[in-house]
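Overview (structure and organization)
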Amino acid sequence: MRALKTMMIVGALAAVLAAGPALAQTPPVQQPPAQQPPAQQPPAQKPPAQQPPITPQPQPPSPTAAPKPFPEGAKFAYIDLQRIAATSAEGKAAAAKIQEYEKKKLGEIQEKTKQVEEMRKKLEQGGTVMSEAARGQIEKDIDRTTRELQFMQQSAQAERDQLERELNAEFQKKLNPIIEQVATEKGLHMLFSIRDNGAVWANTGLDLSAEVVKRFDEATKGAPDKK
């Protein structure tokens, strides 16, 4: 049960952290556009066939809905782990660290990419005026810098993944006791993750996400930030 809860928490925070911008990839060499044939008049289209009505899929309770009181005597409840990761102070701080890292590395990658583009442009503009020795040196520089760029991208991605794993572990370590505390105080037999158990309807009074976030923020407020 603890292993399952751990896996769900890590997945929830990972979904939030993954929302950051992806690290840039090496741009391919641009080729001149192929000559396009004259545009032809499109054939007359047939009217679309009538489609069957779409059955709406059930959705988790909206976090903006008016909160309901917790049902007296209830032994089962649920939380939205992704909502907790997205709205808690600890989850926001983790996402901010990922975004800060990506912004830094993206700038470095863009600078290296610019160097490659400038060398390619210089090679193209040289034409027949440039000596064979000079042309060969630029081609070697392009090859070397391109390899450096690819290594930079791979290293940046590996470091980002490691940072995300560390943040996931820290988030999970801090959140687990809060979840257990709330569930124990409510006298619950079981606490579900609403996005993982396939529920099609739930009494919003059973949603303890807001209470967990409140307790989580209180518990982590003023705590030293581990680097």
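The present account deals with the structure reproduced in this document. (Residues numbered from 1 in each chain as written. Predicted model: local features only at pLDDT ≥ 70, side-chain atom pairs only at ≥ 80, totals over all residues. Heavy atoms only, no water.)

Our focus in this paragraph is the packing of aromatic side chains. Between two aromatic rings, the relevant description is the distance of the centres plus the angle of the planes. Scanning the model with the defined rule gives two aromatic pairs in all. With a centroid separation of 5.4 Å and 80° between ring planes, the pair formed by Phe-171 and Phe-216 is classed as edge-to-face. With Phe-171 in helix H4 (residues 132-185) and Phe-216 in helix H5 (residues 209-220), this residue pair connects regions lying 45 residues apart in the sequence. Residues Phe-171 and Phe-216 agree in their burial class; the two are buried. Here the basic side chain of Lys-186 rests over the ring of Phe-70, its NZ or CZ set 4.9 Å away from the ring centre. (Phe/Tyr/Trp six-rings, centres within 6.5 Å; stacked < 30°, edge-to-face > 60°. Helix = DSSP H or I, 4+ residues; strand = E, 2+ residues; numbered from the N terminus. Buried < 20%, exposed > 50% of the residue type's maximum accessible area, 1.4 Å probe, protein only. Lys NZ or Arg CZ within 6 Å of the ring centre and 35° of its normal.)

There is a patch of nonpolar side chains on the surface, built from Phe-76, Met-190 and Phe-192 and spanning about 260 Å² of accessible area. Of note, Phe-192 is situated in strand E2 (residues 190-193). Exposure remark for Phe-192: the relative accessible area of 31% places this residue in the partly exposed category. (Patch = residues over 30% accessible without salt bridge, like charges linked within 9 Å, V, L, I, M, F, W, Y side chains within 5 Å. Areas by Shrake-Rupley, 256 points an atom, 1.4 Å probe, with all protein chains shown as cover. Salt bridge = Lys/Arg side-chain N within 4 Å of Asp/Glu carboxyl O.)

A few words on the environment of Lys-68. Take Lys-68: it is sitting in the loop between helix H1 (2-17) and strand E1 (76-79). Considering only alpha carbons, one finds Lys-68 and Asn-203, 135 residues apart in sequence, at a separation of 8.3 Å. Once you skip the residues sitting within four places of it in the chain, Lys-68 turns out to touch Asn-203, Thr-204 and Gly-205. (Contact = heavy atoms within 4.5 Å.)

Here we take up the pattern of salt bridges. Within the structure shown, the criterion is met by 14 salt bridges. Residues joined in a network through salt bridges with shared partners are Lys-112, Asp-141, Arg-144 and Glu-148.

At a closest axis distance of 9 Å, the pairing of H4 and H5 adopts a crossing angle of 125°. Classified by the angle between their axes, H4 and H5 sit oblique to one another. Our pair here, H4 against H5, has a crossing hand that is right-handed. Residue-level contacts link Phe-171, Lys-174, Leu-175, Ile-178, Ile-179, Gln-181, Val-182 and Glu-185 of H4 to Glu-211, Val-212, Arg-215, Phe-216, Ala-219 and Thr-220 of H5. Partitioning the contact of H4 with H5 into residue classes produces eight nonpolar, two polar and four charged. (Axes fitted to C-alpha atoms, helices over the stretch in contact; angles between N-to-C directions. Parallel < 35°, antiparallel > 145°, perpendicular 65-115°, else oblique. Left-handed = near helix turned anticlockwise from the far one by under 90°. Nonpolar A, V, L, I, M, F, W, Y, C, P; charged D, E, K, R; others polar.)

Without other data, these values stay purely geometric and don't point to any function.
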